[in-house]
Amino acid sequence: MSSSVIDFLATEARFGARNYEPVGVVLSRGEGVWVWDTEGNRYLDCLSAYSAVSQGHCHPKILAAMVEQAHRLTLTSRAFHNDQLAPFYEEIAALTGSHKVLPMNSGAEAVESAIKSVRKWGYEVKGVPDGQAEIIVCANNFHGRTLGVVGFSTDPETRTHFGPFAPGFKIIPFGDAAALEEAITPNTVAFLVEPIQGEAGVIIPPVGYFTKVRELCTANNVMLVLDEIQTGLGRTGKLLAEQHEGIEADVTLLGKALSGGFYPVSAVLSNNEVLGTLRPGQHGSTFGGNPLACAVARAAMRVLIEEGMIENAAKQGARFLEGLKDIRANTIREVRGRGLMLAVELHPEAGRARRYCEALQGKGILAKDTHEHTIRIAPPLVITSDQVDWALERFATTLTQDLS
Ligand SMILES: *Cc1c(COP(=O)(O)O)cnc(C)c1O
């Protein structure tokens, strides 16, 4: 390690809140699926900033849109109209088949905004008595880090000593439609759920789960809120993960790849009723819907479609999954994934996943461990067959080692 690397790490440790434990690499440049550290070493990015960089690092067309817009107009606040918001609405609504759009910045803000909106809908449209609205969520969920959201997390690390928390949330097991049926009451306004639980370790629910969930929500007038902040925009090989199940959410949350990693942009997409309850002065964000964000998001959506990234995610995801399944290693307990949202779960005896991620780093691959024993793999959607094969060779040699 050169002195410059030690300096970056030591300075971060000295001044920064230690709320992350990053892998010991300092990145300074990215292009497509590749990133380079300060010493010029190249790595295949198998995290894509938790799927925010799905379009590949520094995509030239998104970059051009950002620079062009930054020269013209960056922020007006919503006190005035800007000429990027209307086309952004039109394009995201057309792409996703949504009726109403609420632009925000981070993913957690989109989740918070959805919670506020479905509660308001519950009181003003469904007729739930004021203050009684219930929202059902799943165990092992990840919906962000704000106070409202961590209050219904089931991860002790996420919650401990951050309370008191807001009431009104009921937690049920993920993938269990019977539990949902049992939990719904006349005061239930929404079921908030990830199509695939990403942070929990890429947990895919049983076949038919979401069909049953959709039926239950419709039958009980409960809004189905799908958090597609990670699964959406092509990550799983379809535009939205809900399409694998042939269902449609009432409210869909997008973030991360909505900007291709250039800028925080998120959105709540809904039917007419839910976002229709918001009136001037009842919700807002200084940066939400700003012209720079809208221009970036428009370009990010455009390249995703024009450059066939969603189809490529399906194709390369299948190739990656098959290749991982073909690796014969005693360390591997299970390989799972959909599209380019993949995970290798190790046997507990194989040692911590972080050790394997460090070994992969030495071979030119950056992947991220999650929950001790799982390696998550989510490269940019622009990855090629040759690059998948290149990665698979390195996964094979790493996973056949014993690093316990
Ligand atoms: C990342 C993520 C969030 C939170 O997004 P931030 O931009 O980090 O606030 C919420 N839900 C899911 C499913 C996510 O993956």
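The shown structure was predicted, so the numbers you read here are calculated from the model rather than taken from an experiment.

(A) Highlighting helix 3 (residues 60–72). For helix 3, built from 13 residues, the straight-helix expectation of 18 Å at 1.5 Å per residue is met to within 8% by its first-to-last C-alpha distance of 19 Å. Of the residues making up helix 3, those classed as buried are Ile 62, Ala 65, Met 66 and Gln 69. Viewed along the axis of helix 3, the buried residues span an arc of 100 degrees, placing them on a single side of the element. Of the exposed residues in helix 3, those oriented more than 90 degrees away from the buried face are Pro 60 and His 71. Looking at the buried residues of helix 3, the elements they touch are helix 12 (291–306).

(B) Quick look at the site of the ligand. Looking at the ligand, the residues that line it are Ser 106, Gly 107, Ala 108, Phe 142, His 143, Gly 144, Glu 194, Asp 227, Ile 229, Gln 230 and Lys 256. Here a nitrogen atom of the ligand sits 3.4 Å away from a polar atom, N or O, in the main chain of Phe 142. Contact between the ligand and Gln 230: an oxygen atom at 2.8 Å from a side-chain N or O atom of the residue. For the ligand, whose accessible area on its own is 380 Å², the fraction buried by protein is 80%. When the residues that make up the shell around the ligand are grouped by side-chain class, the tally is three nonpolar, five polar and three charged.

(C) Looking closely at the sheet that holds strand 12 (residues 341–346). A sheet is described by the order of its strands in space; here four strands give the open sequence 11-12-15-14, paired in antiparallel fashion. Looking along the sheet, the strands with just one partner apiece sit at the ends: strand 11 (332–338) and strand 14 (368–370). Across the sheet, the mean angle from the axis of one strand to that of its neighbour is 25 degrees, orientation sign disregarded. Pairing analysis gives six bridges linking strand 11 to strand 12, with the strands arranged antiparallel. What sits directly across from Arg 336, in strand 12, is Ala 343. Against the sheet, helix 15 (residues 385–399) engages strand 11, strand 12 and strand 15 (374–377), with an angle of about 175 degrees to strand 15.

(D) Inspection of the layout of surface pockets at higher detail. Roughly 470 Å³ of internal volume is contained in the second largest pocket. Around the second largest pocket, the lining is made up of 19 residues, and of these Arg 78, Tyr 89, Val 101, Leu 102 and Pro 103 lie nearest the centre. Elements supplying a minimum of two residues to the lining of the second largest pocket: helix 4 (85–96), strand 4 (100–104) and helix 11 (272–276). No other element matches the five residues that strand 4 contributes to the lining of the second largest pocket.

(E) Up close: the nonpolar core. In terms of nonpolar packing, the biggest core is built from 64 residues, with Phe 320, Ile 375, Phe 395 and Leu 399 touching the most fellow members. A domain-level breakdown of this core finds at least three residues from each of domain 1 (3–58 + 309–399) and domain 2 (73–306). When near neighbours in sequence (up to four residues on either side) are disregarded, Phe 395 contacts Cys 46, Phe 320, Leu 324, Ile 327, Leu 360, Ile 365, Ile 375 and Ile 377. One finds Ile 115, Ala 190, Met 223 and Ile 229 within the second-largest nonpolar core, a separate group that totals 27 residues.

Cut-offs and rules
- Residues numbered from 1 in each chain as written.
- Predicted model: local features only at pLDDT ≥ 70, side-chain atom pairs only at ≥ 80, totals over all residues.
- Heavy atoms only, no water.
- Helix = DSSP H or I, 4+ residues; strand = E, 2+ residues; numbered from the N terminus.
- Expected span 1.5 Å × (residues − 1).
- Buried < 20%, exposed > 50% of the residue type's maximum accessible area, 1.4 Å probe, protein only.
- Arc of directions from axis to C-beta.
- Contact = heavy atoms within 4.5 Å.
- Near = heavy atom within 4 Å.
- Polar contact = N/O pair within 3.5 Å; in protein donor to acceptor, adjacent residues only side chain to side chain.
- Areas by Shrake-Rupley, 256 points an atom, 1.4 Å probe, with all protein chains shown as cover.
- Nonpolar A, V, L, I, M, F, W, Y, C, P; charged D, E, K, R; others polar.
- Pairing = 2+ DSSP bridges.
- Axes fitted to C-alpha atoms, helices over the stretch in contact; angles between N-to-C directions.
- 1 Å grid on protein atoms, 1.4 Å probe; cavity = no way out; pocket = protein on both sides within 12 Å on 5 of 7 lines; lining within 4 Å.
- Points joined across faces, edges and corners; volume = space filled by probe spheres on them.
- Core = buried A, V, L, I, M, F, W, Y, C linked by side-chain atoms within 4.5 Å.
- Domains from an automatic or database assignment.

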